Protein chains: 2
Amino acid sequence: MRIVVTGAAGFVGREVCKHLLQRGDDIVGLDVNGAGMAGGIRQVIGEIAEPSVRREIFAEPCDALIHLATVPGGAAEADPAASRRVNVDAMYDLLVEAAAIRPGLRVVYASSIAVLGDELPPVVDDQTPLSPRMIYAGHKAMMEHAVAMFSNRRAIDGVTLRLPGILARPKGPSGMKSAFMSDLFHALKNHEPFECPVSGSGTIWAQSVKKCAENFVSAVLIDSALLPASRTVTLPAIRTSMADLAEEIAVQCNAPAGLVSYEPDKSLEAAFARQPMLRTPAAERAGFAHDGNRANLVRNALASI
Amino acid sequence: MRIVVTGAAGFVGREVCKHLLQRGDDIVGLDVNGAGMAGGIRQVIGEIAEPSVRREIFAEPCDALIHLATVPGGAAEADPAASRRVNVDAMYDLLVEAAAIRPGLRVVYASSIAVLGDELPPVVDDQTPLSPRMIYAGHKAMMEHAVAMFSNRRAIDGVTLRLPGILARPKGPSGMKSAFMSDLFHALKNHEPFECPVSGSGTIWAQSVKKCAENFVSAVLIDSALLPASRTVTLPAIRTSMADLAEEIAVQCNAPAGLVSYEPDKSLEAAFARQPMLRTPAAERAGFAHDGNRANLVRNALASI
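Residues numbered from 1 in each chain as written. Chains lettered and ligands numbered in written order. Predicted model: local features only at pLDDT ≥ 70, side-chain atom pairs only at ≥ 80, totals over all residues.

**With respect to the sheet that holds strand β10 (residues 203-208) of chain B**
One key point about sheets: their strands pair by backbone hydrogen bonds, in either a parallel or an antiparallel sense.
All names here are of chain B.
Next up, step 1: Reading across from one edge, β8-β10-β12 is the order of the 3 strands in this open sheet, with mixed pairing throughout. Where the open sheet ends on each side, the last strands, each with one partner, are β8 (165-167) and β12 (238-241). Ignoring strand direction, the axes of neighbouring strands in this sheet form an average angle of 50°.
Next up, step 2: Sheet analysis places β10 next to β12, joined by 4 bridges and oriented antiparallel. Bridge pairing in β12 links T203 to S241.
Next up, step 3: Strands β8, β10 and β12 of the sheet are contacted by helix α11 (residues 294-302), whose axis makes an angle of about 55° with β10. (Pairing = 2+ DSSP bridges. Helix = DSSP H or I, 4+ residues; strand = E, 2+ residues; numbered from the N terminus. Axes fitted to C-alpha atoms, helices over the stretch in contact; angles between N-to-C directions. Contact = placed C-beta atoms within 7 Å.)

Now the structure itself:
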């Protein structure tokens, strides 16, 4: 298959491209710069908000579009206008153009559990109404409905995956407010102390980047009759407390005890570390999966750093 | 209170303004033309997509904004770009500007049951995921989340009301695909034959424009702590078959039997006449109401034409 991947040089994009290349797919990869993009990809370097760049990624026929390019959470908070321009306006243009070039194109869209907001009920499931607070989350929620609408009109054949925390990102600034989850892995792998900005009892939903990429490949191939009418599934995730996660990482990395201290930041705690019970029957019916258990999650996440 | 009403010359807008004037509120009314706007309103004539027009409606301090201006369903299908420009882009600008001028402004937004889509479960309630198909519906759904996001950030204090069929609209083209529901009232009131474009067994959710206006006034005044986290409520509605509705109208208008024939149009039937059971606990907790029963619905609807 020929697959266009936006955000192909990003953390998730690189892993998705790696899995697609292993399948033998042809990839057109878009990103603002090509550094980190896998070899064997036709690179398009530029801003997705540029019409000429979008024309270039659709210059040849393609079989699917995986849309990962985004202004991430922290960057969107700092520059809401940039988030609107990229995460809403450019993506809407992208969908309109995809539908014009190849009606019914499979489009896989990366949304986020952030769309659910901060005030979650004791159990989150496929029926939990959205209440985004972050700019990034509001924009992702808006575009979930654009994907559903265009799919219901058969303009595209859309699949929206709501991503939990994806582990473990590379070190350094990502623009993601949830980056602390990954930073914990780097610190413990290097046997360095880590000041965790959420409490040890704080609970997160997480998936390894490897499992995440497998889910994106499934989303390219899935029969959309298996999807709910909203075209949106919250991906299955391992729910773990930060303390239990830290302990498992330390065990697997032979790190000494006591490296992690907890200094909760109120807003990070509210946004990322109060994840209640999660039920994802729609995703499971459609064949999406989590890492199986906490040990596998940590093993898979460590393999990526 | 000083209240800005967009779409003030529209069917719902006129009735809302009438109720606000009776309360003694000062109204700034925006519409593309002033015809039909009640006396005693400070009129702003222009397109909401024009920045200068939006500046003018916010020229003086206000206590609430009721946002009714919209490219309606039929018009949006005919011109998706116009719907995007008005129903998404201009409204987003309006919210940003409202928040800048008066942070925490009460904004009441008219959404629509169309956001739920065509393929409804046997019972619709506050947890039913959205799956819009019409352009209008997709755009309304997108902006529900913008209202929630800005409210969660305390930029505005938003309330989204999802309107069912509102009865009875004036005769003539409205751009609303659901106008046939109102046309039935006009025909039977005038003892004229009516060819109904959905089946007699087709079921709709409806509310009189009088009750609808009362709900908008409630939404201006409500304590937002009574609202769900999504800031959105589906308004309570009377569920009736078209045949039962026609019979009740005929009785109240002393119309002879046999005036109504049914020639179902597949797409209108799917979009408007397969409304299943409706549960609206969130709206009821917040004090919103329907007309009580079918006879009252018809009585209130006939009073408006």
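**Considerations on the domain arrangement of chain A**
Residues and elements named next belong to chain A.
Next up, step 1: Along its sequence, chain A is carved into domain 1 (2-165 + 207-234) and domain 2 (167-205 + 237-303).
Next up, step 2: If you average the C-alpha positions of domain 1 and of domain 2, the two centres end up 23 Å apart.
Next up, step 3: Among the secondary structure elements, those contributing two or more residues to the side of domain 1 that touches domain 2 are α3 (73-78), β6 (123-124), β10 (203-208), α7 (209-221) and β11 (232-234).
Next up, step 4: For the side of domain 1 that touches domain 2, the leading source of residues is α7, giving 5 residues. (Domains from an automatic or database assignment.)

**A closer look at the packing of helix α8 (residues 242-252) of chain B against α11(B)**
Helix packing for two helices is described by the angle between their axes and how far apart those axes are.
Residue and element names in this part refer to chain B.
Next up, step 1: Orientation of α8 relative to α11, taken along the N-to-C sense of each, is 60°, at an axis distance of 10 Å. Considering the angle they form, α8 stands oblique to α11. The handedness of the crossing between α8 and α11 comes out as right-handed. Note on element contacts: α11 touches α8 through R294, A295, V298, R299 and L302, opposite D244, L245, E248, I249 and Q252.
Next up, step 2: Broken down by class, the residue content of the contact of α8 with α11 amounts to 5 nonpolar, 1 polar and 4 charged. (Parallel < 35°, antiparallel > 145°, perpendicular 65-115°, else oblique. Left-handed = near helix turned anticlockwise from the far one by under 90°. Nonpolar A, V, L, I, M, F, W, Y, C, P; charged D, E, K, R; others polar.)

**Describing the interface of chain B and chain A**
Next up, step 1: Tallying the contact residues gives 22 residues for chain B and 22 residues for chain A.
Next up, step 2: For the side of chain B that touches chain A, a count of residues per class yields 11 nonpolar, 7 polar and 4 charged.

**As for the pairing of strand β2 (residues 26-31) of chain A**
Residue and element names in this part refer to chain A.
Next up, step 1: In terms of burial, β2 is largely enclosed, as 5 of its 6 residues are buried.
Next up, step 2: As defined by bridge partners, strand β1 (residues 2-6) adjoins β2 across 5 bridges and the pair is classed as parallel. In the strand pairing of β2, T6 is matched with L30.
Next up, step 3: In this fold, the crossover linking β1 to β2 by way of helix α1 (residues 11-23) has right-handed handedness. (Buried ≥ 20, exposed ≤ 12 C-beta atoms within 10 Å, placed from the backbone. Right-handed = clockwise from strand over helix to strand, strands pointing away.)

**Structural notes on the pairing of strand β5 (residues 105-112) of chain A**
Residue and element names in this part refer to chain A.
Next up, step 1: Judged by how many residues are buried, β5 sits mostly within the fold: 8 of 8 residues are covered.
Next up, step 2: By the alternation rule, side chains of β5 split into L105, V107, Y109 and S111 and R106, V108, A110 and S112, which are all buried.
Next up, step 3: Relative to β5, strand β4 (residues 64-67) runs parallel, the two sharing 4 bridges. Of the residues in β5, the one forming a bridge with I66 is V108.
Next up, step 4: Relative to strand β7 (residues 156-163), β5 runs parallel, the two sharing 8 bridges. For S111, the partnering residue across the bridge sits in β7 and is R162.

**Examining the relation of the copies chain B and chain A**
Next up, step 1: For the pair chain B and chain A, the relating rotation is 180°, the translation along its axis is 0.0 Å, and the fit reaches an RMSD of 0.0 Å. Here the two chains are linked by the operation of a two-fold rotation axis. Measuring from the rotation axis to each C-alpha of chain B, the shortest distance belongs to M142(B), at 2.1 Å.
Next up, step 2: By residue overlap, the copies meet face to face through one surface: 100% of the interface positions of chain B are interface positions in chain A. (Least-squares fit on C-alpha atoms with pLDDT ≥ 70 in both.)

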